[in-house]
Amino acid sequence: FLKQVNKRGKSIDEAFNSTTSVIRKTIENTPVEDLSLPKDFDVQLGINPYFEKNNKYVILQVEAILPPKQLQLDEVRGQVISDYQNRLEENWLSQLKEKYTYKVNQDALEILKEKFEK
């Protein structure tokens, strides 16, 4: 898509609006997971400038910007549980590191890396 924009010299708005309905439908229905925006990204209404995420280009079309609100526990229960489990795991690993010493066998690690990279 971005290659088409660059080759034809169109702006992103023009290219996005001129795409076929099939391509547009595919873009709109593709789920976006883990969309953490770049720190300097300024979200605006309409089509925003693209940015790169996980070796892919992301274009956001924002239809509305909602004011922040407090969510109910049912709406964030999964994220709360996930964050809590991550915190428990971090604490557990730090306790294990304090209690036990470990040494990585670099030769064996290199052999395993070679074996599994193929």
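Residues numbered from 1 in each chain as written. Predicted model: local features only at pLDDT ≥ 70, side-chain atom pairs only at ≥ 80, totals over all residues. Heavy atoms only, no water.

Let us now look at a nonpolar patch on the surface. Nonpolar side chains collect at one region of the surface, where Leu37, Val43, Leu45 and Ile65 lie side by side and expose about 350 Å² of accessible area between them. Here valine 43 is to be found in the loop between α3 (21-29) and β1 (46-47). (Patch = residues over 30% accessible without salt bridge, like charges linked within 9 Å, V, L, I, M, F, W, Y side chains within 5 Å. Areas by Shrake-Rupley, 256 points an atom, 1.4 Å probe, with all protein chains shown as cover. Salt bridge = Lys/Arg side-chain N within 4 Å of Asp/Glu carboxyl O. Helix = DSSP H or I, 4+ residues; strand = E, 2+ residues; numbered from the N terminus.)

On to the environment of tyrosine 50, then. Of note, tyrosine 50 is situated in the loop between β1 and β2 (51-53). When the C-alpha atoms of tyrosine 50 and leucine 60 are compared, they prove to be 7.1 Å apart, with 10 residues separating the residues in sequence.

When pLDDT is averaged along the protein, the result is 77, and 70% of the positions lie at 70 or above. Mean pLDDT values for the elements of the protein range from 47 in α3 up to 94 in helix α4 (residues 73-99). Low pLDDT, under 50, characterises residues 20-29; the predicted model gives this stretch five contacts beyond four residues in sequence or across chains. (pLDDT = per-residue confidence, 0-100. Contact = heavy atoms within 4.5 Å.)

All right, on to the side chain of asparagine 48 then. With respect to the secondary-structure elements, asparagine 48 resides in the loop between β1 and β2. From its side chain, asparagine 48 meets the backbone nitrogen of glutamine 44 in a polar contact 2.8 Å long. Within the structure, the side chain of asparagine 48 is placed 3.3 Å from the backbone oxygen of glycine 46, a separation counted as a polar contact. Discounting residues that sit within four places of it in the chain, asparagine 48 has contacts with Phe41, Asp42, Val43, Ile59, Leu60 and Val62. (Polar contact = N/O pair within 3.5 Å; in protein donor to acceptor, adjacent residues only side chain to side chain.)

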